[in-house]
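Architecture at a glance
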Amino acid sequence: MENQKLAQMFDKIADALEIKGENRFKIIAYRKASQILNNLTSDIYDHYQNDELQKIPGIGEGIAKKIKEYFETGQIKKLKEAFQGLPESLLDLLSIPSLGPRTVALAYQKLKVKNLQDLEKAIRNGSLASLPGMGEKKIDNIMKGIEFLKKALGRIPLGKAFVMVNELLKELSGWEEIKQISPAGSYRRMKETVGDIDILVTSDDPKKVMDQFTALDIVARVKAKGPTRSSIETDEGFQVDLRIVDDTSFGAALQYFTGSKAHNVKLRSLAKDKGLKINEYGVFKDEKYVAGKTEEQVYQALGLEFIPPEMREDLGEIELAQKKIPRIISYDHFPGDLHIHSTYSDGESSLKEIVEEAMKYGYKFVGIADHSKSVKYAGGLSIEKLLEKNDEIDKLQKQYPKIRILKAAEVDILIDGSLDYPDHILSQLDVVIAAIHTGFSNDPEGRILKAMDNQYVHIIAHPTGRLLSQREAYNVDMDKLLEKASRSKKAMEINAYWDRLDLNDYDCRKAREHGVKLAIGTDSHHISGMWQMVLGIGVARRAWLTKKDIYNFDI
Ligand SMILES: [Zn+2]
Ligand SMILES: [Zn+2]
């Protein structure tokens, strides 16, 4: 259906007119048209074909004409016209969440702000604050919006790509024409957001592999097709590149395409110092091939231990690899998940389902943490209900002696920093995860610090509150939190839910330096979400965490 696309076009026209300061009624008319199209449940194309556009309530002659023009010519001239004389970069500004077209218009007209850079400058030199209606808080929000936009441009959250890529890898591994296969790029390094997906394979029948790849069900568009590289766009909008390389180069190509860029630059200069050359085809000495079949051999040829992909960011790992790489935690044999919601609060799986699923993962324990009483919107448990749940756990534990079922709770940190259950209740729990869910602007730092004073708290959940796709971290001084966590022996969470990944790799590294342990939990609300543990382990590996840094191994 073209409804959404047309709605967007009308919205853009309205944006442009608003920035230019044109007639308010015209602007309102386009906004209204966009809204009507967005809410329309039938296909606008049918209305056009039956010549019944104006029968849709709210669609007048002018808008009907433009819809007709779109279906007849594929464009709306007015859109181009509206943007005439406006810099294209203004459109980027409009995608900043906290910045409306009216403010963009003001900033453009009064301060000549044309792009992100101009806008940041106007914030720093205070000129944006001088515009009417600009409070300090609004400016703060715009600044956060800018950061957010920068990160969001062109990147996909890892967890969103993960399921698709795994299914694709499984499918390709089943083809007999494919001998070796591996993903590469930022995906393989488990970065929290990834660009395009790169997959490398070796094959004796490249043509057949490429024919099959470009004909897969998930392909929405073939962007390129060649004997050694093809590029497709999936129906979810991911770009996937498949490269076919020689057996002798597979390790070198994998190393090269996994990156990061900074890691590879450092590696090349190290090679040079040793009189070697390294590229995507192999390691060479005096133009003679030395290594390249496997990544291990590539690193070995340079006198280095193998470096796990998640560590390859040029943060000291190459220097370490000349001596000894730390034994970072593995994706296999992880002991258990600490943060799962059941039907007792806002989860959708029963205790029994969660326990059985946890056993399929081979876990030694599972922590079932439901919300506490104040979180009404998420079905927070009253004290009575919590005790009832604990009784059910006792009964289940007898039925499932092979796995430890932890009595856990995700207990809210209230506005005054106190906890949502009294101490005599907290003391009956195996794991107390303290969390902020409301009042994000209400001193989250002070509240978390106070919660750490409670002797029954084990873990601080999603400590910065950020959501990758929609919300910036709240204002906390991470060093302050980590200092206190270290003193009070609290663990910080790596919330492995794909949209959180909170703490992130950067803060986890800081936590390690402060001697603070990290507790990994998926925050699953259904057993189908428990796979996300792999994302949390990825964060931990990127932060070089070993078993002794991870709270889960202490249980
Ligand atoms: Zn939570
Ligand atoms: Zn939770």
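Data block above holds the structure.
Quick caveat: nothing in here was measured; it's all calculated off a predicted structure. (Residues numbered from 1 in each chain as written. Chains lettered and ligands numbered in written order. Predicted model: local features only at pLDDT ≥ 70, side-chain atom pairs only at ≥ 80, totals over all residues. Heavy atoms only, no water.)

Moving on: the sheet that holds strand S9 (residues 282–285). Spatial strand order, S8-S9-S10: three strands in an open sheet with antiparallel pairing. Each edge of the open sheet carries a strand with a single partner, namely strand S8 (277–279) and strand S10 (288–291). The average undirected angle you get between the axes of adjacent strands in this sheet is 35 degrees. The sheet contact formed by S9 and S10 spans three bridges and is antiparallel. Across the sheet, residue Lys285 finds its bridge partner in S10, namely Lys288. (Pairing = 2+ DSSP bridges. Helix = DSSP H or I, 4+ residues; strand = E, 2+ residues; numbered from the N terminus. Axes fitted to C-alpha atoms, helices over the stretch in contact; angles between N-to-C directions.)

Looking now at the environment of Ile555. Looking at the element boundaries, Ile555 is found in the segment after helix H23 (533–542). Here Ile555 falls in the partly exposed class, since its relative accessible area comes to 33%. Placed 220 residues apart in sequence, Ile555 and Pro335 show a C-alpha to C-alpha distance of 8.4 Å. The contacts of Ile555, once residues within four sequence positions are left out, are Leu338, Phe365, Arg404 and Leu406. (Buried < 20%, exposed > 50% of the residue type's maximum accessible area, 1.4 Å probe, protein only. Contact = heavy atoms within 4.5 Å.)

Here we take up a negative patch on the surface. On the surface, Glu171, Asp217, Asp235 and Glu236 cluster together into a patch of negative charge. For Glu171, the position within the fold is in helix H10 (residues 158–173). Overall, Glu171 belongs to the partly exposed group, its relative accessible area being 41%. (Patch = residues over 30% accessible without salt bridge, like charges linked within 9 Å, V, L, I, M, F, W, Y side chains within 5 Å. Areas by Shrake-Rupley, 256 points an atom, 1.4 Å probe, with all protein chains shown as cover. Salt bridge = Lys/Arg side-chain N within 4 Å of Asp/Glu carboxyl O. Lys, Arg positive; Asp, Glu negative; His and termini not counted. Charge placed at Lys NZ, Arg CZ, Asp CG, Glu CD.)

Here we take up the pattern of salt bridges. Applying the stated criterion across every chain, the model contains 36 salt bridges. With a closest N to O distance of 2.7 Å, Lys225 and Asp211 form a salt bridge. Of this pair, Lys225 sits in strand S5 (residues 219–225) while Asp211 is found in helix H12 (residues 206–214), placing the two residues 14 residues apart along the sequence. Here Lys517 and Asp554 are joined by a salt bridge, their closest N and O atoms 2.9 Å apart. Separated by 37 residues along the polypeptide, Lys517 in the loop between helix H22 (505–513) and strand S17 (518–521) and Asp554 in the segment after H23 bring together distant segments of the chain. With a relative accessible area of 27%, Lys517 lands in the partly exposed category. Here the salt bridges share partners, and the residues they tie into one network are Asp11, Asp15, Glu18, Arg31 and Arg102.

What follows concerns the coordination of the zinc ion (ligand 2). Ideal values for angles at a metal depend on the geometry: 109.5 degrees with four tetrahedral donors, 90 or 180 degrees with six octahedral donors. The zinc ion (ligand 2) binds to the protein through His339 (NE2), His341 (NE2), Glu410 (OE) and Asp523 (OD); the donor distances cover 2.1 to 2.2 Å. What the four donor atoms of the zinc ion (ligand 2) show is an angle range of 85 to 173 degrees at the metal, which sorts the shape as irregular. One chain supplies every donor to the zinc ion (ligand 2), and in sequence these donors are spaced H-x1-H-x68-E-x112-D. Taken as a pair, the zinc ion (ligand 2) and the zinc ion (ligand 1) show a spacing of 3.4 Å, with Glu410 coordinating each metal. (Donors = N, O, S within 2.8 Å, 3.2 Å for Na, K, Ca; no water. Tetrahedral: all angles 85-135°; square planar, octahedral: opposite > 155°, others 65-115°.)

The subject of this paragraph is the coordination of the zinc ion (ligand 1). Within the protein, the atoms that donate to the zinc ion (ligand 1) are Glu410 (OE), His437 (NE2) and His462 (NE2), at distances of 2.0 to 2.2 Å. Mapping the donors of the zinc ion (ligand 1) onto the primary sequence yields the spacing E-x26-H-x24-H. Overall, the relative accessible area of 1% leaves Glu410 in the buried class.

What follows is about the packing of helix H17 (residues 351–360) against helix H18 (residues 383–399). A pair of packed helices can be characterised by two numbers: the angle between their axes and the separation between those axes. Interaxial distance between H17 and H18 falls to 11 Å at its minimum, and their mutual angle equals 40 degrees. Compared by their axis directions, H17 and H18 come out oblique. The two elements H17 and H18 meet at a crossing, and its hand is right-handed. Seen from H17, the contacting residues are Leu351, Lys352 and Val355; seen from H18, they are Lys389, Glu392, Ile393, Leu396 and Gln399. By residue class, the composition of the contact of H17 with H18 is four nonpolar, one polar and three charged. (Parallel < 35°, antiparallel > 145°, perpendicular 65-115°, else oblique. Left-handed = near helix turned anticlockwise from the far one by under 90°. Nonpolar A, V, L, I, M, F, W, Y, C, P; charged D, E, K, R; others polar.)

On to the packing of aromatic side chains. Tallied over the full model, the rule gives 14 aromatic pairs. Judged by centre distance (6.1 Å) and plane angle (85 degrees), the ring pair of Tyr299 and Phe306 falls under edge-to-face. Taking relative accessible area as the criterion, Phe306 reaches 29% and is therefore assigned partly exposed. The side chain of Arg24 reaches across the aromatic face of Phe25, ending 5.6 Å from its centre. (Phe/Tyr/Trp six-rings, centres within 6.5 Å; stacked < 30°, edge-to-face > 60°. Lys NZ or Arg CZ within 6 Å of the ring centre and 35° of its normal.)

With respect to the helices, strands and loops of the structure, Glu357 is situated in helix H17. Excluding residues within four positions of it along the chain, Glu357 makes contact with Ile527 and Met530.

So, about the pairing of strand S16 (residues 491–495). Counting buried residues in S16 gives five out of five residues, a clear majority hidden from the surface. Here S16 shows two buried faces, one formed by Ala491, Glu493 and Asn495 and the other by Met492 and Ile494. Relative to S16, strand S15 (residues 459–460) runs parallel, the two being bridged by two bridges. Looking across to S16, one finds that Ile459 is bridged to Ala491. Of the strand pairs in this sheet, S16 and S17 are connected by four bridges, and their pairing is parallel. Each bridged residue has a counterpart across the sheet, and for Glu493 the counterpart in S17 is Ala519. Where the polypeptide runs from S16 across H22 and back to S17, its parallel neighbour, the crossover connection is right-handed. (Right-handed = clockwise from strand over helix to strand, strands pointing away.)

Okay, the sheet that holds S17 next. The strand order across the open sheet formed by seven strands is S11-S12-S13-S14-S15-S16-S17, and the pairing between neighbours is parallel. If you trace the sheet from one side to the other, it starts and ends with strand S11 (336–340) and S17, each paired once. Strand contacts of H23: S11, S16 and S17, with the helix running at about 155 degrees to S17, the strand carrying the most contacts.

Between helix H21 (residues 478–488) and H22, whose axes approach to 10 Å, the crossing angle comes to 40 degrees. Considered as vectors, H21 and H22 are oriented oblique to each other. Crossing angle aside, the handedness with which H21 passes H22 is right-handed. Residues Met478, Asp479 and Leu482 of H21 touch H22, and the partners they reach there are Asp507, Lys510 and Ala511.

Here we take up the pairing of strand S6 (residues 229–234). Two faces, one strand: in a regular strand the side chains alternate between the faces of the sheet. Taken together, the five bridges between S5 and S6 define a ladder with antiparallel strand orientation. Across the sheet, residue Lys225 finds its bridge partner in S6, namely Ser230. What sits between S5 and S6 in their antiparallel hairpin is a turn of three residues. With five bridges joining them, S6 and strand S7 (residues 239–244) adopt antiparallel strand pairing. Looking across to S7, one finds that Ser231 is bridged to Asp241. Linkage of S6 to S7, two consecutive antiparallel strands, is achieved through a turn of four residues, within which Gly237 is found at a positive phi near 90 degrees.

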